[in-house]
Amino acid sequence: MRAILGLNVGRESGACLIVDDKIIAAVNEERLSRKKMAYGFPFRSVDEVLSIASITFSHINIIAIEGLRFNPTIDNGFNPNDSDFKKKLVGNLSLGRILLANRFGLTFCYLILLPNLIWKKYFYSKFFRSKGFNGKIFY
């Protein structure tokens, strides 16, 4: 059995489970949290797709997580509902156009966001390993 758990982390988060090249279950977090366009890690969706398929983390071969790369064309993991200082600073000073208009600005944004991305990858890896997952994680 080849099982792949696909995750969307960020806006409209959710989970999808594919077993032997067939989609077994796909659940958006908003269906379970009752919050429109649910944001963050889809803990409830992961539990739900695993329970629908009646499998555990030890049966999963691959976890594919979307949304953990630096992409300057999207919001990059900032929660619009949080009072994030960096987002407010960039938004209030209208720095978005300046920072994202050249290579220096993109590099600057990347360096600001890099520690956060590294921490998220570490957290997700540790979380899945603690649940019994011993396959590969792709971002």
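Every value quoted in this text rests on a predicted model; they were computed, and no experiment measured them.

Enquirer: Help me get a handle on the overall build of the chain, residues and values and all.
Expert: Across its full length, the chain holds 5 helices and 5 strands. Going from N to C terminus, the chain has its helices and strands arranged as β-β-β-α-α-β-α-α-α-β. Put simply, the chain has 139 residues, and 32% of those count as buried. Within the chain, contacts between residues separated by at least 24 positions form 59% of all contacts whose residues are at least 6 apart in sequence. For the chain, the accessible area works out to roughly 9000 Å², and carbon and sulfur atoms hold 56% of it.

Enquirer: Before we move on, could you go through the packing of aromatic side chains and cite the residues and values that matter?
Expert: In total, this model carries 12 aromatic pairs according to the counting rule given. A centroid spacing of 5.3 Å and a plane angle of 85° characterise the contact between F43 and F127, whose relative ring orientation is edge-to-face. You can see F43 sitting in helix α2 (residues 43–53) and its partner F127 sitting in helix α5 (residues 103–130), a full 84 residues away along the chain. Given the relative accessible area of 18%, F127 is considered buried. For the pair F123 and F127, a centre-to-centre distance of 6.4 Å together with 20° between the ring planes defines the contact as stacked. Of the two residues, F123 and F127 both sit in helix α5, 4 residues apart, roughly one turn of that helix. Exposure remark for F123: the relative accessible area of 30% places this residue in the partly exposed category.

Enquirer: Please give an account of the sheet that holds strand β1 (residues 3–8) that cites residues and values.
Expert: Taken in spatial order, the 5 strands make up an open sheet running β3-β2-β1-β4-β5, and their pairing is mixed. Lying at the two open borders of the sheet, with one neighbouring strand each, are β3 (22–28) and β5 (136–138). Taking each pair of neighbouring strands and ignoring which way they run, the sheet shows an average axis angle of 15°. Bridging between β1 and strand β4 (residues 62–66) involves 5 bridges; their strand directions are parallel. In the sheet register, G6 faces β4, and the bridge partner there is A64.

Enquirer: Lay out the pattern of salt bridges in plain terms, naming residues and giving numbers.
Expert: All chains considered together, the criterion is met by 2 salt bridges. E29 is the partner of R44 in a salt bridge, and the nearest nitrogen-oxygen pair spans 3.6 Å. Within this pair, whereas R44 is found in helix α2, its partner E29 is found in helix α1 (residues 29–33), the two being separated by 15 residues in sequence. For R44, a relative accessible area of 46% translates into the label partly exposed. Taking relative accessible area as the criterion, E29 reaches 5% and is therefore assigned buried. The partner of K36 in a salt bridge is E30, with the nearest N and O atoms 3.9 Å apart.

The rules behind the values
- Residues numbered from 1 in each chain as written.
- Predicted model: local features only at pLDDT ≥ 70, side-chain atom pairs only at ≥ 80, totals over all residues.
- Heavy atoms only, no water.
- Helix = DSSP H or I, 4+ residues; strand = E, 2+ residues; numbered from the N terminus.
- Buried < 20%, exposed > 50% of the residue type's maximum accessible area, 1.4 Å probe, protein only.
- Contact = heavy atoms within 4.5 Å.
- Areas by Shrake-Rupley, 256 points an atom, 1.4 Å probe, with all protein chains shown as cover.
- Phe/Tyr/Trp six-rings, centres within 6.5 Å; stacked < 30°, edge-to-face > 60°.
- Pairing = 2+ DSSP bridges.
- Axes fitted to C-alpha atoms, helices over the stretch in contact; angles between N-to-C directions.
- Salt bridge = Lys/Arg side-chain N within 4 Å of Asp/Glu carboxyl O.

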